[in-house]
Amino acid sequence: QAASPSWSPDGGRIAFTSDRGGNGQQIYVMNADGSAQTRLTMSAGSNFKPVWSPDGTKIAFESTRDGNSEIYIMNGDGSDPTNLTQSEVLDRGPVWSPDGTKIAWARQVFVGPFGIQPSLDVFVMNADGSDPTNLTNNEVFDRGPVWSPDGTRIAFVIGQGGGDFEIVVMNADGSDQTNLTNIGGDDLVPNWSPDGTRIAFMSERDGNREIYVMNADGSGLARLTKNTSTDPDLAPAWRPRP
């Protein structure tokens, strides 16, 4: 089974995960036509969610090779894998800033009156792992950060563990957090348009999963799909500019 495809910036290669080797999910790369499939990770544990750096030289990914989920980086050929987070908590879902200097991700934190209730916050660090910074500092789950094309803003998903997730936008330093949806029903998987003016996302507000789009300030909401609950729509992605 193959999953999590990620195009290289030049469109010539695709990184993806597969369990074909029988020892957990591993990261592979292939040409855009499916040829030259090559395994990049050889570790114990599983390796997930590969994402190319904007210059196409490196791949960030999530790995459990050290016993818990950490954020790693490696060269595009699989060499020099490096643990960037080196923490004892869960680190998930790395995404590169458009200029390739930073990586945002979701890190497990512990909240509540006794500091024992697990949650997630959005963090950012330099691409070498230095200066990890908590951007959200909320007592609810924050996950799925996505950079705007100009790198000035980050969209992410916020919500309680039991559901009712909403889409929030903040400045890249964590300031001015603004809930764009706030309507009930899960709103998930935000994806910026190439010009940064709109955000596509998946929502269950009408009873089943459909694709919506809105302006970057939450206005101009439009539903794009109209399918039955047995035919859900997932994970919208914008067509790149020609």
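Here, every reference points to the structure presented above.
The following refers to the structure shown. (Residues numbered from 1 in each chain as written. Predicted model: local features only at pLDDT ≥ 70, side-chain atom pairs only at ≥ 80, totals over all residues. Heavy atoms only, no water.)

Here we take up the overall build of the chain. The helix and strand inventory of the chain stands at zero helices and 20 strands. The C-alpha radius of gyration computed for the chain amounts to 18 Å, which stays within 12% of the reference 18 Å derived for 242 residues, consistent with globular compactness. For the chain, the proportion of its 242 residues judged to be buried stands at 45%. Nonlocal contacts in the chain, meaning residues at least 24 apart in sequence, comprise 27% of its contacts between residues at least 6 apart. Summed over its atoms, the accessible surface of the chain is roughly 11,700 Å², and 50% of this surface lies on carbon and sulfur atoms. In the chain, 18 positive and 31 negative side-chain charges are present, and the distance between their average locations comes to 6 Å. (Helix = DSSP H or I, 4+ residues; strand = E, 2+ residues; numbered from the N terminus. Rg over C-alpha atoms; globule rule 2.2 N^0.38 Å. Buried < 20%, exposed > 50% of the residue type's maximum accessible area, 1.4 Å probe, protein only. Contact = heavy atoms within 4.5 Å. Areas by Shrake-Rupley, 256 points an atom, 1.4 Å probe, with all protein chains shown as cover. Lys, Arg positive; Asp, Glu negative; His and termini not counted. Charge placed at Lys NZ, Arg CZ, Asp CG, Glu CD.)

So, on to the packing of aromatic side chains. How two aromatic rings sit relative to each other is given by the distance of their centres and the angle of their planes. Across all of its chains, the model carries four aromatic pairs by this definition. When the ring of Phe-16 is compared with that of Tyr-28, the centres are 5.7 Å apart and the planes differ by 20 degrees; the resulting orientation is stacked. Of the two residues, Phe-16 sits in strand β2 (residues 13-18) while Tyr-28 sits in strand β3 (residues 26-31), which places them twelve residues apart along the sequence. Overall, Phe-16 belongs to the buried group, its relative accessible area being 4%. Here Tyr-28 falls in the buried class, since its relative accessible area comes to 6%. On the numbers, 5.5 Å between centres and 35 degrees between planes, the contact of Trp-105 with Phe-123 is tilted. (Phe/Tyr/Trp six-rings, centres within 6.5 Å; stacked < 30°, edge-to-face > 60°.)

This brings us to the side chain of Ser-46. Secondary-structure assignment places Ser-46 in the loop between β4 (38-39) and β5 (47-52). A polar side-chain atom of Ser-46 sits 3.3 Å from the main-chain amide nitrogen of Gln-25. Excluding anything up to four places from it in sequence, Ser-46 contacts Gly-24, Gln-25, Glu-62, Ser-63, Thr-64 and Arg-65. (Polar contact = N/O pair within 3.5 Å; in protein donor to acceptor, adjacent residues only side chain to side chain.)

By themselves, these are just geometric observations and shouldn't be taken as functional.
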